[in-house]
Amino acid sequence: MTSPCIYHLLCCWCESSFTMAEGAALGFAIKVVYESGKYISRAFSSCDLKQLEETLNVLLPTIDEICELSLESLSEAGIPKIQELREKLRLVQNRKRTRNSWNEFGETDHINEVENDINKFVHNDPLPDMALNQIKLLNCSQDMKNSFSTQLETLCGEIKNLTLEQETGFNNLTFKIEEQYTDFAGQIFEISQQDQYLCCPPDLPSCLMGFDKYLTELKELVLEAGLDVVGVTGMGGAGKSTLAVSLCHHPEIKDKKRVIYINVSESPDLPGILKTMWKNIAGLGGPEPNFTNVEDAHNKLHSAIKSRRNEPILVVLDDIWGFSHLKKLLFKGSQFMTVVTTRNKHTIGSIPTWFNKGLYPLPSLQEEHALSLFCFYAFGIPTIPNTHNEELVKQVHAECKGLPLALQVIGSSLNGKHPSVWENANRLSTGEPSNEFQMEGLLNRLKTSIDLLKDNEKQCFLDLAAFPQGQVIPANALLDIWVYVRGMTWPNAVILLRDFAARHLLNFKRNPWIPDITGDSMNGYSFSQHDIMRNLALYLAKQENSIQCKRLYMPKKKSRFPSKWQTDRDLSSKAQIVSIHTGAMKDTQWPELEFPEAEALLLYFTASEYCIPTFLHTMKKLKVLMIHNDSAKRTKLTALAGFQVLSQLKSLRLERLIVPPLYEYCNVLKNLQKLYLSLCEGLGNMSGLGRDKMLNFPGLLEINVDYCSDLEELPAGICSSNSLKMLSITHCHGLAKLPDELGKLGSLKEIRLTESPGLKELPPSISSLRKLEYLDISSCMGLKADGRRGSELKKTLKTLAELASLKKVICDKDHGQLFKSSSRTGLQVEVVEEEFDLNWLDW
């Protein structure tokens, strides 16, 4: 082992002789030189003289240059060791030249001594040329410091005696300083770029509260036999890099594997990274081969890894942004493992199957750990001091929603601040930071997740903030905005939604109690947002509004209408998406505003009676309208006259309402394509509608009715809709009958009747639907295959099974046997077990 006294003496010298920045630079260089080469030293354990010769040729030029650059500094500290090592290596090299072969050298003890000295010089992962660059950087910065000190002294003297006549000379002096600064800056940049991908992990974070359990779980996964790749995924700011760095420093990992850490980032220099990996994995400190391109470098490095000695190596690739980068840095070899941190789950999913991979989704911090972490950054201790208001501290901490990055940034920004600053700190959830530093620090770290999105994708991300905080939102609600306002196709909108989920910009899930009948249909799918990501969308939307007002959002429920909307009429005149969250509203409470450009309106409220905004009649371009009541009781809508102008409306969603007489607006809503009614009442009398009041919208494509308990029968007039493609009546326990003329819906492709236990029969005309592709009759216990009705039902189902267009059926066990016995091939039958619970209330 190398004596630690030399290293400590050098470190002390750095601290006492230089500024903090300079001392850190040289200190790191000394550490690199002193500790570099654990695996190089293993090459000499058998006293392989040929390898010793090769190593001499590699090390001597670097040692020579280090000595030339820093000899005076080293001698001042009384450290002649590098010089002595150089002289010993020269002696060995010279004596070799005077002998015919190494075998005649005959001085084994001396060679062993040289070997030991080399082991002391190169003792861990980084290589001596990295130390050389650090010393170059230090010397350059020292030269700059000395030169600028001289120049500034001259400048101060000139300024004291400056007259108008001397202005020209003063300008010349200023120009010379700027010129010299540019020259020095260029030198520093050039040197720093030579080894920008150092393989030493950063120092451990000052606080790791709450990460112990996650670190243990990840460590066990990494040490698990047979894995080639382990992916750590999580949203921006969740602590992935913190966990990866902690893994690199874990004693058990360091004891069993040689660790190589590389921070990749969103715009990596792949040739530079591969060059660094070659030096640290395959190069043994020697010159790397001439790589013609990235592919060539990857292939040569891969070959070297496969043929290398069986030394366990762990490569940590931190902050990978996509598989296009990862595939150039991924290798498979004996006892060779890669840990990848990424915000995008698709990156890990895209890894080829011949790699054995494990996945570690980073969990959220537990509340008590999150509070301790926040207190550490806010007060320097893991608890709330007696001198601070405990309730206020917990309120501010709660705004960080357990996100480690937010806890660090917000906590640090409040460290030592006056109580009045704390009182304003909980404004984060409104998108209005208590100070710019607080929000900017957080945004600069999280915003990178958004910067890589295309312009239209960024707009889609900002649309997310239109929905209320902390709620689970039906996926269709968002997709309709993207399709009808952003102009996306439905398949592309679905792809983007899944991509946002993979990037951890939102949480996306499927209700397990609603069967997934087809990939493009999003019924039963929902999304939610981490509050911090929603706050980011709110903040960015406000920034955009300062340039061009496209959105007007009320982030939280308010009893009053925002006064700014009334004073600045430009906001309403340009807004494309409007989101309003209030309590009960009367017609006199709505301001007189105009929204001529509005294409989407979201109304969220808590009230037993609600007046539709009087300015609805100004929204003649409106395409998406959502009206959502948050209270337990159904709400009655008033002042529906504004519906008369909504001729461009494409999507109408009503939730927890007493449904107004929509048949009165069928002719007006001639372009309506999608109708959603959820948890609504007032549908019980629809079966009595005559032909003059039929629910027939000329362009209707989808009808979605969910959890509407008083719906008993659909009106026969609905069967006159030639455009209808999807009919979804789910969880409507009162539904007893479908229209006999259902077979007239010639465009119908999808029928969903999930959990309609009151339904006793299917109309025989259903077997006339020649375009029907998907049928869901799961959990319809009333559809019994016994008695007279059962006989008719069997006949209808057998006819349905023979439909050439039918692709998939979801049903109960009894009906499943009937469909599976069909002679037709290609029909997919999914049997769903009958199951009843109240878990759907969470959705």
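The shown structure was predicted, so the numbers you read here are calculated from the model rather than taken from an experiment. (Residues numbered from 1 in each chain as written. Predicted model: local features only at pLDDT ≥ 70, side-chain atom pairs only at ≥ 80, totals over all residues. Heavy atoms only, no water.)

Draft legend 1. Main features of the overall build of the protein. Across its full length, the protein carries 29 helices and 23 strands. When each of the 843 residues of the protein is scored for burial, the buried share is 53%. For the protein, the proportion of contacts with a sequence separation of at least 24, taken over those separated by at least 6, is 68%. Put simply, the protein shows about 38200 Å² of open surface, and 50% of that area lies on carbon and sulfur atoms. (Helix = DSSP H or I, 4+ residues; strand = E, 2+ residues; numbered from the N terminus. Buried < 20%, exposed > 50% of the residue type's maximum accessible area, 1.4 Å probe, protein only. Contact = heavy atoms within 4.5 Å. Areas by Shrake-Rupley, 256 points an atom, 1.4 Å probe, with all protein chains shown as cover.)

Draft legend 2. Layout of the pattern of salt bridges. Going through the model one piece at a time under the given rule, you end up with 20 salt bridges. Between Asp 296 and Lys 300 there is a salt bridge whose closest N-O contact spans 3.2 Å. One end of the pair is Asp 296 and the other is Lys 300, both in helix 13 (residues 294-307) and four residues apart, which spans about a single turn. Take Lys 300: its relative accessible area is 32%, and that puts it in the partly exposed class. Note that Lys 623 is salt-bridged to Glu 599, the shortest N-O span being 3.3 Å. Pair noted here: Lys 623 is in the loop between strand 12 (609-611) and strand 13 (624-629) and Glu 599 is in the loop between strand 10 (577-582) and strand 11 (600-605), with a separation of 24 residues, a long-range link. The partly exposed category is assigned to Lys 623, whose relative accessible area is 25%. Of the residues examined, Glu 599 reaches a relative accessible area of 13% and is grouped as buried. Salt bridges sharing common partners tie together Asp 463, Arg 486, Glu 544 and Arg 551. (Salt bridge = Lys/Arg side-chain N within 4 Å of Asp/Glu carboxyl O.)

Draft legend 3. Quick peek at a positive patch on the surface. There is a patch of like positive charges on the surface, built from Lys 760, Lys 784, Arg 788 and Arg 789. Its location among the elements puts Arg 788 in helix 28 (residues 787-801). (Patch = residues over 30% accessible without salt bridge, like charges linked within 9 Å, V, L, I, M, F, W, Y side chains within 5 Å. Lys, Arg positive; Asp, Glu negative; His and termini not counted. Charge placed at Lys NZ, Arg CZ, Asp CG, Glu CD.)

Draft legend 4. Up close: the sheet that holds strand 6 (residues 473-474). What the three strands build is an open sheet, ordered 6-8-7; its pairing is antiparallel. Here the strands that pair on one side only, and so sit at the sheet edges, are strand 6 and strand 7 (507-510). Bridging between strand 7 and strand 8 (residues 525-528) involves four bridges; their strand directions are antiparallel. The residue bridging Phe 508 from the neighbouring strand is Phe 527, located in strand 8. (Pairing = 2+ DSSP bridges.)

Draft legend 5. Structural view of the pairing of strand 18 (residues 702-706). Counting buried residues along strand 18, four of its five residues qualify, which places the element largely inside the surrounding structure. By the bridge criterion, five bridges tie strand 17 (residues 674-678) to strand 18 in an arrangement that is parallel. Bridge assignment links Leu 677 to a residue of strand 18, and that residue is Val 705. Where strand 18 and strand 19 (residues 726-730) come together, five bridges link them in parallel fashion. When the sheet's bridge partners are listed, Val 705 is paired in strand 19 with Ile 729.

Draft legend 6. Layout of the sheet that holds strand 5 (residues 357-361). The five strands are arranged 2-3-4-1-5 in an open sheet whose pairing can be described as parallel. Of all strands in the sheet, those bounded by a partner on one side alone are strand 2 (258-263) and strand 5. Each strand of the sheet is rotated relative to its neighbour by a mean of 15°, with strand direction disregarded. Direction of pairing for strand 2 relative to strand 3 (residues 313-320): parallel, over a ladder of six bridges. Considered in strand 3, the bridge of Tyr 261 is made with Val 316. (Axes fitted to C-alpha atoms, helices over the stretch in contact; angles between N-to-C directions.)

Draft legend 7. The arrangement of helix 23 (residues 475-484) in detail. Counted residue by residue, helix 23 has 10 buried out of 10 residues, so it is predominantly covered. Those residues of helix 23 lying buried are Ala 475, Asn 476, Ala 477, Leu 478, Leu 479, Asp 480, Ile 481, Trp 482, Val 483 and Tyr 484.

Draft legend 8. Region of interest: the packing of helix 16 (residues 367-379) against helix 17 (residues 390-399). It is at 10 Å that the axes of helix 16 and helix 17 come closest, and there the two elements cross at 105°. On the basis of their axis angle, the class for helix 16 and helix 17 is roughly perpendicular. Where helix 16 approaches helix 17, its residues Glu 367, Ala 370, Leu 371, Phe 374 and Phe 379 are matched on the opposing element by Val 393, Lys 394, Val 396 and His 397. Taken together, the residues of the contact of helix 16 with helix 17 break down into six nonpolar, one polar and two charged. (Parallel < 35°, antiparallel > 145°, perpendicular 65-115°, else oblique. Nonpolar A, V, L, I, M, F, W, Y, C, P; charged D, E, K, R; others polar.)

Draft legend 9. Main features of the nonpolar core. In terms of nonpolar packing, the biggest core is built from 92 residues, with Phe 374, Phe 461, Phe 467, Ile 481, Trp 482 and Phe 500 touching the most fellow members. Among all residues touching Phe 467, those that are not within four sequence positions of it are Ile 473, Ala 477, Leu 478, Ile 481, Phe 527, Arg 534, Leu 602, Tyr 604 and Met 626. Counting 87 residues, the second-largest nonpolar core is a separate cluster that includes Phe 595, Phe 615, Leu 735 and Val 829. (Core = buried A, V, L, I, M, F, W, Y, C linked by side-chain atoms within 4.5 Å.)

Draft legend 10. Geometry of unusual backbone geometry. The backbone of Tyr 707 sits at a positive phi, close to 55°, despite the residue not being glycine. You can see Tyr 707 is positioned in the loop between strand 18 and strand 19. Backbone geometry places Glu 755, a non-glycine residue, at a positive phi of 50°. Tracing the chain through its elements places Glu 755 in the loop between strand 20 (750-752) and strand 21 (774-776). Glu 755 gets classed as buried once you look at its relative accessible area, which sits at 14%.

These values are about where atoms sit, not about what they do.
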